[in-house]
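Observations on chain architecture
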Amino acid sequence: MNDFFDNWTVQVRKGLLEFCVLNALAEKERYGYDLVKTLMAVPGLGVTEGTLYPLLSRLRVQGMVSTRLEESKEGPARKYYALTTAGKKILVAMADYLETLNQGARTL
């Protein structure tokens, strides 16, 4: 049973990761490492830098997030990520779908 549950949680996290990233960017833009720290603090999400940065790149290519570089006094320039209009629209659609799915699952 442990292997089954472990596999299931991995699949659930994979399915929710894009939603969590977009949701974390909903209120404000964030630089990469700040986003990593924010997502790592979510209980059960278990995200790593090696997972997050390729996902952010994919979301940028898909037009869901935009990026900009800003010089930092504390080291190298920081890449900031922000939701695009398309990202905001897809986030609303994802949230609606998850709510519908949760309500439906509770009726079973």
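Residues numbered from 1 in each chain as written. Predicted model: local features only at pLDDT ≥ 70, side-chain atom pairs only at ≥ 80, totals over all residues. Heavy atoms only, no water.

In this section: the pairing of strand E2 (residues 65-72). Inspection of the sheet shows E2 paired to strand E3 (residues 75-83) by 7 bridges, in the antiparallel sense. When the sheet's bridge partners are listed, Ser 72 is paired in E3 with Gly 75. Two successive antiparallel strands, E2 and E3, enclose a turn made up of 2 residues. (Pairing = 2+ DSSP bridges. Helix = DSSP H or I, 4+ residues; strand = E, 2+ residues; numbered from the N terminus.)

Two numbers describe how helix H1 (residues 2-24) lies on helix H3 (residues 49-61): the axes approach to 11 Å, and their chain directions differ by 75°. Considering the angle they form, H1 stands roughly perpendicular to H3. Residues Leu 17, Glu 18, Val 21 and Leu 22 of H1 form the contact with H3, whose own contacting residues are Thr 51, Leu 52, Leu 55, Leu 56, Arg 58 and Leu 59. Residue composition of the contact of H1 with H3, by class: 7 nonpolar, 1 polar and 2 charged. (Axes fitted to C-alpha atoms, helices over the stretch in contact; angles between N-to-C directions. Parallel < 35°, antiparallel > 145°, perpendicular 65-115°, else oblique. Contact = heavy atoms within 4.5 Å. Nonpolar A, V, L, I, M, F, W, Y, C, P; charged D, E, K, R; others polar.)

As a further point, take the pattern of salt bridges. Scanning the entire structure with this criterion turns up 5 salt bridges. Across the pair Arg 58 and Glu 18 runs a salt bridge, and its minimum N-O distance is 3.2 Å. Note that Arg 58 is positioned in helix H3 and Glu 18 in helix H1, a separation of 40 residues in sequence. We classify Arg 58 as partly exposed; its relative accessible area is 39%. The shortest N-O distance in the salt bridge between Arg 30 and Asp 34 comes to 3.3 Å. Each member of the pair Arg 30 and Asp 34 is classed as buried. Several salt bridges share partner residues, and in doing so they unite Glu 29, Arg 68 and Glu 70 into one network. (Salt bridge = Lys/Arg side-chain N within 4 Å of Asp/Glu carboxyl O. Buried < 20%, exposed > 50% of the residue type's maximum accessible area, 1.4 Å probe, protein only.)

Here we take up the sheet that holds strand E1 (residues 30-31). Read across the open sheet, the 3 strands follow the order E1-E3-E2; overall the sheet is antiparallel. Only two strands of the sheet have a single neighbouring strand rather than two, namely E1 and E2. Inspection of the sheet shows E1 paired to E3 by 2 bridges, in the antiparallel sense. Bridge pairing links Arg 30 to Tyr 81 in E3. Against the sheet, H3 makes contact with E2 and E3, and its axis sits at roughly 120° relative to E2, the strand it touches most.

Counted under the stated rule, the structure contains 2 aromatic pairs. Look at Tyr 31 and Tyr 80: their rings are 5.6 Å apart centre to centre, the planes differ by 70°, and that puts the pair in the edge-to-face class. Here Tyr 31, found in strand E1, pairs with Tyr 80, found in strand E3; they are 49 residues apart in sequence, far enough to count as distant. Between Arg 68 and the ring centre of Tyr 80, over which it is positioned, the NZ or CZ distance is 4.6 Å. Over the face of the ring belonging to Tyr 31 we find Arg 78, whose NZ or CZ atom lies 3.9 Å from the ring centre. (Phe/Tyr/Trp six-rings, centres within 6.5 Å; stacked < 30°, edge-to-face > 60°. Lys NZ or Arg CZ within 6 Å of the ring centre and 35° of its normal.)

Just geometry here; none of it tells us what the structure is for.
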